[in-house]
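So the chains spell out like this:
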Amino acid sequence: MSDINLEILVTEKRNENTKKIDSVTTLEMLKLINDEDKTVPLAVEKELNKISDAVDLISSKVKEGGRFIYCGAGTSGRLGVLDASECLPTYGVGDGVILALIAGGRDAMFKAKEGAEDSKELCVKDLRDVELTDKDVLVGIAASGRTPYVIGGLEYAGSIGASTISISCNPNSPMAKISDVSIAPVVGPEVVTGSTRMKAGTAQKLVLNMISTGVMIKMGKVYGNLMVDVNPSNEKLVERAKRIVMQATEVGREKAEEILQETNYNVKLSIMMIISNLEKEKAEELLLLNSGYIAKAVESLN
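Residues numbered from 1 in each chain as written. Predicted model: local features only at pLDDT ≥ 70, side-chain atom pairs only at ≥ 80, totals over all residues. Heavy atoms only, no water.

Chemist: How would you summarise the packing of aromatic side chains if you had to cite specific residues and measurements?
Modeler: Applying the stated criterion across every chain yields a total of one aromatic pair. With a centroid separation of 5.9 Å and an interplanar angle of 85 degrees, the aromatic rings of Phe-68 and Tyr-70 are classed as edge-to-face. For the pair formed by Phe-68 and Tyr-70, the shared burial category is buried. The ring centre of Tyr-293 lies 4.2 Å from the NZ or CZ of Lys-296, which sits over that ring. (Phe/Tyr/Trp six-rings, centres within 6.5 Å; stacked < 30°, edge-to-face > 60°. Buried < 20%, exposed > 50% of the residue type's maximum accessible area, 1.4 Å probe, protein only. Lys NZ or Arg CZ within 6 Å of the ring centre and 35° of its normal.)

Shown next, in the form of structure tokens:
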């Protein structure tokens, strides 16, 4: 007999507001969904202190040469993969700085492999495959807070001295009890009972956005609110690189293109050269001395 008791999970309770969602008009149905969605940012807001702790923990570890690794199953795992994969083109973060593991592997991104989430050992194997060390941070993601795959990963990470963070949508979950930092936006029962890809998924996406963006900002990959380490790997991003240089320095398009070509489209270096009036090598050296922070490098000129 299963020892899983879904009744105690907030995310599995029945939503009193949507009991008749199958018998209303389309517009009324969508309004019910939208009304429930409006509660999600407020639930995330209550966890800002914990999210701040997570950002500080991860950024400190990354600056020391560590990595942050997401692990999850189903929707939670896919959200981790999405967040990790988007950091490379957006922030030019080096390969391997941020990774994501999903129960069932790559194929589980496109086709559900629900049974994979029930194995603690599977996550341990996945973490050993990516050579998790005590320098790294493991971020476990599961709406229920009780997914065996994620718990197995968090337990293993803790046993080797790696830092651990959990993201769930149920308070006092098993994951929370074994993590250094526990983030738990309680979004309440879902519109469709147990469909945690909805409010819980939205909450997790918001939290992951904050964590990865916060870490990238603290790594000097943003100047003002401009993504100055963008990797211009396609036409849209090449155009964005030009706009960023123009916005950051107030030069014209022709000057921005000229400097970008000189730096092989290194946006951060191009901005530094224009602001400082330094030659490429000197500007590069100044950035290096200031850990890649343009604002700090500019301040050091004064």
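Chemist: Before we move on, can you summarise the environment of Gly-140 with the specific residues and values?
Modeler: Assignment of secondary structure puts Gly-140 in strand E3 (residues 137-141). Counting along the chain gives 13 residues from Gly-140 to Gly-153, while the straight-line C-alpha distance between them is 7.6 Å. With near-sequence residues (within four places) excluded, Gly-140 lies in contact with Cys-71, Val-150, Leu-154, Ile-165, Ser-166, Ile-167 and Met-175. (Helix = DSSP H or I, 4+ residues; strand = E, 2+ residues; numbered from the N terminus. Contact = heavy atoms within 4.5 Å.)

Chemist: If you had to explain the nonpolar core to someone new, which residues and values would you point to?
Modeler: Ranked by internal contacts, the top residues of the largest apolar core, which has 36 residues, are Ile-58, Phe-68, Tyr-70, Ile-165, Ile-183 and Ile-211. At the level of secondary structure, the elements contributing two or more residues to this core comprise helix H2 (40-45), helix H3 (48-63), strand E1 (68-72), helix H4 (74-91), E3, strand E4 (163-167), strand E5 (181-183) and helix H8 (199-218). The element best represented in this core is H8, accounting for seven residues. (Core = buried A, V, L, I, M, F, W, Y, C linked by side-chain atoms within 4.5 Å.)

Chemist: Got a sec to walk through the state of the cysteines? Specific residues and values, please.
Modeler: This model, assessed by the stated rule, comprises zero disulfides. Of all cysteine sulfurs, the one in Cys-123 lies closest to Cys-71, which takes part in no disulfide; the gap is 4.1 Å. Residue class for Cys-71 comes out buried when judged on its relative accessible area of 1%. With no disulfide of its own, Cys-87 has Cys-71 as its nearest cysteine by sulfur position, at a separation of 17 Å. (Disulfide = S-S within 2.5 Å.)

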